[in-house]
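# Chains, contacts and geometry: an overview
Below, each chain spelled out in residue letters.
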2 protein chains.
Amino acid sequence: MMDYQLTLPTLLRRAESLFAHKEIVTRLPDRSIHRCTYGELAVRVKKLAAALHRLGVRQGDRVATLSWNHSQHLEAYFAVPCMGAVLHPLNIRFSADDLSYIVNHAEDKVLIVDQVLLPLFEQFKDRVNPSRVIVIPQAGTDAGFGAGSGGRAWTDAGFGAGSGFGESRVAAGYLDYEDVVASGDASLFEPFEADEYAAAFLCYTSGTTGRPKGVLYSHRSILLHSMTSLFSCCGIGVTETDVVLPIVPMFHAGAWGFPYNCTLAGATQVFPGPYLDAESLLELFEGERVTVTAAVPTVLRNILVALDADPQKYGLCLRVFLVGGSGVSRHLVASFADRYGIRVVSSWGMTEMSPTGSTAVVSSRLQKASKEEQLDYAIKPGLPAPFVEIRARDEHGFIPWDGVRTGELEVRGPWVCSSYYRGAESDGRFTSDGWLRTGDIVSITEDGWIDIKDRSKDVIKSGGEWISSIALENALMGHPSVHEAAVIAIPDPKWVERPFAYVVPKAGMAVSPAELQAFLRGQFAKFWMPDGYAIVDAIPKTSVGKFLKSALRAQYINEHPPRD
Amino acid sequence: MMDYQLTLPTLLRRAESLFAHKEIVTRLPDRSIHRCTYGELAVRVKKLAAALHRLGVRQGDRVATLSWNHSQHLEAYFAVPCMGAVLHPLNIRFSADDLSYIVNHAEDKVLIVDQVLLPLFEQFKDRVNPSRVIVIPQAGTDAGFGAGSGGRAWTDAGFGAGSGFGESRVAAGYLDYEDVVASGDASLFEPFEADEYAAAFLCYTSGTTGRPKGVLYSHRSILLHSMTSLFSCCGIGVTETDVVLPIVPMFHAGAWGFPYNCTLAGATQVFPGPYLDAESLLELFEGERVTVTAAVPTVLRNILVALDADPQKYGLCLRVFLVGGSGVSRHLVASFADRYGIRVVSSWGMTEMSPTGSTAVVSSRLQKASKEEQLDYAIKPGLPAPFVEIRARDEHGFIPWDGVRTGELEVRGPWVCSSYYRGAESDGRFTSDGWLRTGDIVSITEDGWIDIKDRSKDVIKSGGEWISSIALENALMGHPSVHEAAVIAIPDPKWVERPFAYVVPKAGMAVSPAELQAFLRGQFAKFWMPDGYAIVDAIPKTSVGKFLKSALRAQYINEHPPRD
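Parameters and conventions
Residues numbered from 1 in each chain as written. Chains lettered and ligands numbered in written order. Predicted model: local features only at pLDDT ≥ 70, side-chain atom pairs only at ≥ 80, totals over all residues. Heavy atoms only, no water. Helix = DSSP H or I, 4+ residues; strand = E, 2+ residues; numbered from the N terminus. Rg over C-alpha atoms; globule rule 2.2 N^0.38 Å. Buried < 20%, exposed > 50% of the residue type's maximum accessible area, 1.4 Å probe, protein only. Contact = heavy atoms within 4.5 Å. Least-squares fit on C-alpha atoms with pLDDT ≥ 70 in both. Pairing = 2+ DSSP bridges. Arc of directions from axis to C-beta. pLDDT = per-residue confidence, 0-100. Buried area = accessible area lost by both parts, 1.4 Å probe. Salt bridge = Lys/Arg side-chain N within 4 Å of Asp/Glu carboxyl O. Right-handed = clockwise from strand over helix to strand, strands pointing away. Core = buried A, V, L, I, M, F, W, Y, C linked by side-chain atoms within 4.5 Å. Phe/Tyr/Trp six-rings, centres within 6.5 Å; stacked < 30°, edge-to-face > 60°.

So, about the overall build of chain A. If you tally the helices and strands in chain A, you get 16 helices and 26 strands. For chain A, whose C-alpha radius of gyration is 24 Å, the value lies close to the compact-globule estimate of 24 Å for 564 residues. Expressed along its principal axes, the backbone C-alpha trace of chain A runs to roughly 75 × 55 × 55 Å. Of all 564 residues assigned to chain A, the portion counted as buried reaches 62%. Considering only contacts in chain A between residues 6 or more positions apart, those separated by 24 or more positions represent 69%.

Below you can see the structure in the form of structure tokens.
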């Protein structure tokens, strides 16, 4: 067989040769719509790569982005790995402190920053030292960032002559992204195809302890992972006829792989830019005839609220709404299916696994099951993707796959990481035989369906018995007046830990602890019932929209100081 | 990222752990139906592998099969590569002379033979020298082959004691497959997972000249190729809910990958055994609720004839009928779609490419096209599969992708071979930069659709202009009275070559050359019209069901000796 390395230039070439006329659509910061084609994108990618090379970027160097989802970010997604360098999207929801740590830890050589995100960059620019900062000019945005930008200058003195620098759209001290692209000579682009195991992409994930840790994806892992969204057997099955809008940010786990997956399939890509509110998204869904989208459950919930407010308002073509990041409720899945004919596909993954691990597919057994049982399964993380292997263990060893016993899930596969970047502390994340410990407490059914009972750090152990915070949350979020609910473990002198619920009512609604307690009664064993409820305006969330339970635990302790 | 080798044991483990209860269904030679599960299959695979090891099979050794499509063949498909050896299915349609050549060339160490195929094996058994011959006992078949089996004995003297050999179901001199499996100790099975580039599978393809040539598939190439049938974007999108019946034989290009693809997806597999007639297949389609099937156009045509004979007879669940091996006609595609709601997906490939190269998908552009244009595209070989790259050239260099200019198609990709087994003459099949020359004369549209105009060896060059034999054949097969048509080049003193058509009328129908000529007139330029027609009972075919045009050319010359 041919020695055909699975590298990103093969994807770029495929899109350029087969899908040159297909579109990439972006909502710009001024809310206008920008359109380009894969053909145009491929030329700009080559020019950007050639220009970055001229700026000193070499094989293995890191190039960071601080960007929303848009076509220029997609250009960087290809240009940087296709020239053999490593793309490093920065999570804009990290603190300035973490961002400066990450940029320095990764030794990012060049930074590409959205003009609208310069205020964030300015918060840590004095603590980092890239050789160049390239700003993507964005019409209709306030460019008044120059005054405080200090003495640093990341422009290339010998670079801009005649390339429009005299009237640059970006402030002094920065390179203009469009000038950089314009300056590149596409004919000088040299695709990196030597080694599929070479590094291509770097993501930092906020660990539970300590500093964020880097996960390095290879060309091989990205290309193999790209298949998951194209597989029908993963419940998504993206094709060239699809119009895909990844709501999940390109700065978070590579937007779950969609920018690469869609390019492989030739699907139309639609990027929402900075507008992630439900109305803006629904407008794009309708206007661009979006068929596939992906987001965390919080966004899904917001979209449902907006849809329900005026069910006839939008004409949608959505066939699949992929959710991940945290569990989804029956209510959400059933509402989308029954009221809008949209299939919500639950999935599970981690930045450490590129990120797709499993999806809740409709199996042949489920096809014949009752609607209720189908819903039971639709909210689970699902069946491992092809090439992903799973097992789980408790303190006694590997658990049987009986759907009852629980243990920590371990995974392996060609797109699962085996260590953190630059030797960061692994926190015991890897087993001695090379599997990744996920930190998720799960049961596994006889036929391999994963059901996440809790995060290992969120488990409530009461009187020696486990209580699933996730099960209680999903039940509470099924109450008609509840918008969100998070359940945490609180200290208890007798039972060691007891559950306590933080609940956000729906807009304009009220709900009482007594009402909630009555609602849960009968659904759970008596000892699972929360010891108390706090009705709150909002639940703190992580940078990727998950409930930040550590903050709730701290808040509880703060409000209920232990007596001694 | 983890060093996770793409090897076949990972597929076996997946099926065993996730799809243990899913079925593999076989029609046995006595027409009864045999059922087993992936769980049972996995145990038998391990036992077979352990037993083969005990019989002396080691890593890299070749184990040949002479078998129809059935569950034991599937066991060998996994047991042999999963122990690090190489499975080598023998094409039962090759001549005994070629088969003995192939077995000796491959140095097959063990042969596994269907009891019903022993008469074929007996034709060349004295010319080959495997260390063991294992016979799959098949109920209801005539086992009376022993008399002429001569003095050879491939049994293991120390093997059968107590394993039922005293009353073996197979003749003396052979091992009983079921005894072999029963003797294996599954706990001794050692999965081969060290190197995805290792050899796993060997296919011989009948070249246009000389002896058949071997193509060696690796674990990697098989696993990457397995994705093609699972991709929605290839128009097939097999899932766990599918019931797949590959009519294409497992001894031909690995049944186009379906045995492996289906195992990866967890689909139910249905094997027709030796019964490939339309009625037997239709019975299985209906009885087992088959959703996906695959065959050459000849079989598709036969099935259409049987369906049309009594359109209400069968209740079918077929959603996709994949065809390949040679071109399919508009008439066939339209008939299946309009009358039976079955989508015929045209595909193209070669044994040298594992074999899938392209499939005729419905692109976003075609979705909006007229039904006629959709049909124009549905009969083309289609768009290259993900990870397959194409180009074509004529005597002047690479041709533009304009849908008009023609040249020989060249391909590369991770499942395309780079040489023939054991240094067999490559006939100039590989370019200096490592692409495979396919021998197909094609045009390529602007958006990458391949259209095969002819085999390079079948091209008719008349007065310096090319005439497509395939286009004429497809037009003739659109005539209501024509069953099959093959067009060849005949020598012509003035034009060098001219087209001549061999035509088989439909059963009970008659057709005249004048009628055919009138039918073609207006569809083609005048110089394309065949110089003559021969109405015949059958067209000779190759071992894989393609028109054997070399035989027709010889027949023509024989019947029309050149005057001098």
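Going from Ser354(A) to Pro355(A), the amide bond is cis rather than trans, its omega being -5 degrees. Within the secondary structure layout, Pro355(A) lies in the loop between strand 14 (343-349) and strand 15 (356-359). Phi is positive for Ala253(B), which is not a glycine, with a value near 50 degrees. Turning to its location among the elements, Ala253(B) is positioned in the loop between strand 10 (243-246) and helix 8 (258-265). Positive phi outside glycine occurs at Arg289(B), with the angle close to 55 degrees. Locating Arg289(B) in the fold gives a position in the loop between helix 9 (278-287) and strand 12 (292-295). Accessibility expressed as a relative area gives 55% for Arg289(B), which makes it exposed.

For the rest of this paragraph, the subject is the relation of the copies chain A and chain B. When chain A is brought onto chain B, the operation consists of a screw motion whose angular component is 180 degrees and whose axial shift is 0.0 Å, with 0.0 Å RMSD remaining. Such a combination of rotation and displacement between the chain copies is what one expects of a two-fold axis. When each C-alpha of chain A is compared by its distance to the rotation axis, Phe231(A) comes out closest, at 2.3 Å. The fraction of interface residues of chain A whose copies in chain B are also interface residues reaches 100%, indicating that both copies meet through the same surface.

Across a sheet, paired strands are connected by hydrogen bonds in the backbone, their directions being either parallel or antiparallel. All names here are of chain B. In spatial order, the strands read 18-17-19-20-21; together these five strands make up an open sheet with antiparallel pairing. At either end of the open sheet lies a strand with only one pairing partner, and these are strand 18 (397-398) and strand 21 (450-455). Bridge count between strand 19 (residues 407-412) and strand 20 (residues 436-444): four bridges; the pairing is antiparallel. Its bridge partner lying in strand 20, Val411 is registered against Leu436.

Before going further, it helps to examine helix 16 (residues 549-559) of chain A. Residues and elements named next belong to chain A. What helix 16 keeps buried is the set Lys549, Leu552 and Tyr556. The buried residues of helix 16 occupy one face: seen down the axis, they fall within an arc of 55 degrees. Where helix 16 is buried, its residues touch strand 21 (450-455), helix 14 (469-476), strand 24 (482-492) and strand 25 (496-505).

Let's shift gears to the confidence of the model for chain A. Residues and elements named next belong to chain A. Predicted confidence across chain A gives a mean pLDDT of 91, with 94% of residues reaching 70 or more. Here residues 142-151 is modelled with pLDDT under 50, and outside its nearest four sequence neighbours on either side it reaches 14 contacts, counting other chains as well. Predicted confidence is poor over residues 156-166, with pLDDT under 50, and the contacts of this stretch with residues over four places away or in other chains come to 18 contacts. With pTM at 0.87, the complex prediction returns an ipTM value of 0.86.

Another aspect to go through is the interface of chain A and chain B. Between chain A and chain B, the contact holds 64 residues from the first and 64 residues from the second. Summing the contributions of chain A and of chain B, the shared interface buries around 4,600 Å²; its carbon and sulfur component is 61%. It is Met1(A), Met2(A) and Tyr4(A) that lose the most area in chain A upon contact with chain B, and together they represent 20% of the buried surface on that side. Linking chain A to chain B there are four salt bridges.

A few words on the pairing of strand 13 (residues 320-323) of chain A. All names here are of chain A. Residues of strand 13 alternate between two faces, with Val320 and Leu322 on one and Phe321 and Val323 on the opposite face, all of them buried. Strand direction decides the pairing type here: strand 12 (residues 292-295) and strand 13, joined by four bridges, are parallel. If you follow Ala295 over to strand 13, its bridge partner there is Val323. Crossover handedness for the path strand 12 to helix 10 (residues 297-309) to strand 13: right-handed. As paired strands, strand 13 and strand 14 are joined by four bridges and run parallel to one another. In the sheet register, Leu322 faces strand 14, and the bridge partner there is Val345. Regarding the hand of the β-α-β motif, the stretch spanning strand 13, helix 11 (residues 330-340) and strand 14 is right-handed.

Here we take up the sheet that holds strand 1 (residues 23-27) of chain B. Residue and element names in this part refer to chain B. Strands sit in the order 2-1-11-10-12-13-14-15-16 across an open sheet of nine strands; the sheet is mixed. Looking along the sheet, the strands with just one partner apiece sit at the ends: strand 2 (33-37) and strand 16 (383-384). Here strand 10 runs beside strand 12; their pairing, made up of three bridges, is parallel. The residue of strand 12 that forms the bridge with Leu245 is Thr293.

What follows is about the pattern of salt bridges. The final tally for this structure, using the stated rule, is 76 salt bridges over all chains. Put simply, Arg13(B) and Glu193(B) hold a salt bridge, and the shortest N to O gap is 3.1 Å. Remark: Glu193(B) occurs in the loop between helix 6 (177-183) and strand 8 (199-205) and Arg13(B) occurs in helix 1 (residues 8-18); sequence separation between them is 180 residues. Classification of Arg13(B) as partly exposed rests on a relative accessible area of 24%. In this structure, Lys371(B) engages Asp338(B) in a salt bridge whose closest nitrogen and oxygen atoms are separated by 3.1 Å. Of this pair, Lys371(B) sits in helix 13 (residues 371-378) while Asp338(B) is found in helix 11 (residues 330-340), placing the two residues 33 residues apart along the sequence. Residue class for Lys371(B) comes out partly exposed when judged on its relative accessible area of 48%. With relative accessibility at 48%, the residue Asp338(B) sits in the partly exposed group. Salt bridges linked by common partners bring Arg13(A), Glu193(A), Glu389(B) and Arg412(B) together as one network.

The subject of this paragraph is the nonpolar core. Counting 271 residues, the largest nonpolar core has Phe78(A), Ile303(A), Phe321(A), Phe78(B), Ile303(B), Phe321(B) and Phe336(B) as the members making the most contacts within it. Discounting chain neighbours no more than four positions away, the residues touching Phe78(B) are Leu8(B), Leu11(B), Leu12(B), Val45(B), Pro259(B), Tyr260(B) and Thr263(B).

Residues and elements named next belong to chain A. Inspection of every chain in the model, using the stated rule, returns 31 aromatic pairs over all chains. Judged by centre distance (5.3 Å) and plane angle (40 degrees), the rings of Tyr77 and Tyr260 are tilted. One end of the pair, Tyr77, is in helix 3 (residues 71-82); the other, Tyr260, is in helix 8 (residues 258-265), with 183 residues separating them in the sequence. With relative accessibility at 0%, the residue Tyr77 sits in the buried group. For Tyr260, a relative accessible area of 4% puts it in the buried group.

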